[in-house]
Amino acid sequence: MTANQHVSTITGPLNGLRVLDLSRILAGPTCTQLLGDMGADVIKIEKPAGGDDTRAWGPPFVKDQDDNFTTESAYYLCANRNKRSIAVDITTTEGAAFIRRLLTTCDVLVENFKVGGLKKYGLAYDDLKAEFPELIYCSITGFGQTGPNAHRPGYDLLAQGFGGIMSLTGEANGEPMKVGVGICDVMTGMYANSAVLAALYHQKTNGGGQQIDVALVDVQTAWLVNEGTNYLLSGDEPLRRGNGHPNIVPYQVFSVEDGHVIVAVGNDQQFKRFCHILQHPELADDPLYTTNQLRLKHREQLIPILSKILSSQKKQQLITLMEQEAIPGGPINTLSQLFATEQVRAREMKISMPYPESKTGTVELIGNPIKFSATPVSYHLAPPKCGQHSQEIIDELDRLTATDQPQ
């Protein structure tokens, strides 16, 4: 592949945007992968020895033709497609100078070093803003650029703990529980992506770049959403309710004869229909349960009654009846069940990309959920090996900067 061959396959709305990615792990790479999916040319800077830390976060790893593990873990693969990798030691004078040279061709820089971590290399925003006044510089940290905890490193688990979500997650009498994936990292990447797009719009309409300051703990606090606002309004600490909902009843998981079912009754009419299909219409007429406010108040009486009734139901039969009566609910799929569904197939949420190093010649990844009607996302570059595109990017930079020189 030559320096520009990959460009011809890009269909997304950000085609022509160039992003310098100084991030690693998950939050920053999630942001830049989204930008790459939408058409941006993302240049991933990696340390020469080992590259992105997540390359080693396995198993599982990609297996090669001889059934040996490669250096690409599933964790790394999840957030690094549509990027080109170049190995640069930014701790050296030469490496830092090369980054500044690359920036002459870039619109956006994304980094997730600790506060002040890039200052020692002359690559902090304050070091660059005069030379690159149009640059969008997105900084992702654990606690932000300000505040008493700004110096602390950021990890998803610590952010979930500090940010309150673990106090809400888990069984009522169990220990506080984190979400099963690095959701704070992922949400931070999404907020950062949105902020980059907004800053680019401002740059286009008003001129001038800026620094974006996004913190894991801020993001975690933001997506407490209704539970956070419940507390601010009432002053009452929310309780862990397992799979129960703080504001709606019944809205939770129930055991049935052959597994578990989600029941998500959202209003009083749905509750009436739900009681009807359970052949217990008297519950809907009971003055203790006629409205959601009453059902919330008498949750401890109602849920055991429903649990007993549902324990003898067949899962698929119940789901079918609920669907017929427009009562929200459904199964709890394992990942094998999820990725085997027609819905995932129809929505292209599982994709296959060419990957010559793997045993099968391809690698399976999760698709992008955004569906553009005119400028669809594209999957043009599989997650790269560390430094895979180093020479390509150097040659390209030489050509681009040469055209900028006076004749």
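This report concerns the structure included in the present document.

Applying the stated criterion across every chain, the model contains four aromatic pairs. Ring geometry for Trp 57 and Tyr 75: centres 5.0 Å apart, planes at 80°, overall edge-to-face. You can see Trp 57 sitting in the loop between strand S2 (41-46) and strand S3 (61-63) and its partner Tyr 75 sitting in helix H2 (residues 74-77), a full 18 residues away along the chain. On the basis of relative accessible area, Trp 57 is assigned to the partly exposed category, the value being 41%. A cation over an aromatic ring shows up here: Arg 24 above the ring of Phe 113, its NZ or CZ 4.6 Å from the ring centre. Across the ring face of Phe 271, the terminal group of Arg 295 is positioned such that the distance to the ring centre comes to 4.4 Å.

The next thing to look at is the environment of Phe 339. As for its placement among the helices and strands, Phe 339 is situated in helix H15 (residues 335-339). Remark: the alpha-carbon pair of Phe 339 and Glu 396, spanning 57 residues in sequence, is separated by 39 Å.

Looking now at the nonpolar core. Membership of the largest hydrophobic core comes to 34 residues, with the highest contact counts inside it found for Val 19, Val 108, Cys 138 and Ile 140. Residue assignment for this core shows that the elements contributing at least two residues are helix H1 (27-37), strand S6 (108-111), strand S7 (136-141), helix H6 (165-168), helix H7 (183-206), strand S8 (210-215) and helix H8 (216-222). Contacts of Val 19, omitting those with residues within four sequence positions, involve Thr 32, Leu 35, Ala 40, Asp 41, Val 42, Ile 43, Cys 106, Val 108 and Val 110.

Turning next to the pattern of salt bridges. Taken as a whole and judged by the stated rule, the model has 20 salt bridges. The partner of Asp 37 in a salt bridge is Arg 81, with the nearest N and O atoms 2.9 Å apart. Here Arg 81 lies in the loop between H2 and strand S5 (83-87) and Asp 37 lies in helix H1, a separation of 44 residues in the sequence. Between Lys 129 and Asp 126 there is a salt bridge, and its shortest N-O distance comes to 3.6 Å.

Reading across from one edge, S5-S2-S1-S6-S7-S8 is the order of the six strands in this open sheet, with parallel pairing throughout. The outermost strands of the open sheet, each flanked by one partner alone, are S5 and S8. Here the strands of the sheet are splayed against their neighbours by 20° on average, with no regard to which way each runs. Here strand S1 (residues 18-22) runs beside S2; their pairing, made up of four bridges, is parallel. Of the residues in S2, the one forming a bridge with Asp 21 is Lys 44.

Thresholds applied
In this convention, every chain numbers its residues from 1, walking through the sequence in written order. Local features in this predicted model are restricted to residues whose pLDDT is 70 or higher, and side-chain atom pairs enter the listing and the counts only when it is 80 or higher, whereas totals over whole chains, interfaces and linings include all residues. Computation of side-chain values: all heavy atoms of the structure, hydrogens and water removed. Note on ring pairs: Phe, Tyr and Trp rings are taken, using the six-membered ring of Trp, and paired if centres are within 6.5 Å. Classes follow the plane angle, with under 30 degrees stacked, over 60 edge-to-face and the rest tilted. Numbering of helices and strands runs from the N terminus; a helix is a DSSP stretch of H or I covering at least four residues, while a strand is a stretch of E covering at least two. Three exposure classes are used, based on accessible area relative to the maximum for each residue type with a 1.4 Å probe and protein chains only: buried under 20%, partly exposed in between, and exposed over 50%. The rule for a charge over a ring is simple: NZ of Lys or CZ of Arg within 6 Å of the ring centre, and within 35 degrees of the ring normal. Only buried residues count toward a nonpolar core, which is a set of Ala, Val, Leu, Ile, Met, Phe, Trp, Tyr and Cys residues joined through side-chain atoms within 4.5 Å. Any two residues whose heavy atoms approach within 4.5 Å are treated as being in contact. A side-chain nitrogen of Lys or Arg and a carboxyl oxygen of Asp or Glu constitute a salt bridge if their distance falls within 4 Å. Following DSSP output, two strands are said to pair if at least two bridges run between them. Note on geometry: axes are C-alpha line fits, over the in-contact stretch for helices, and angles between N-to-C directions span 0 to 180 degrees.

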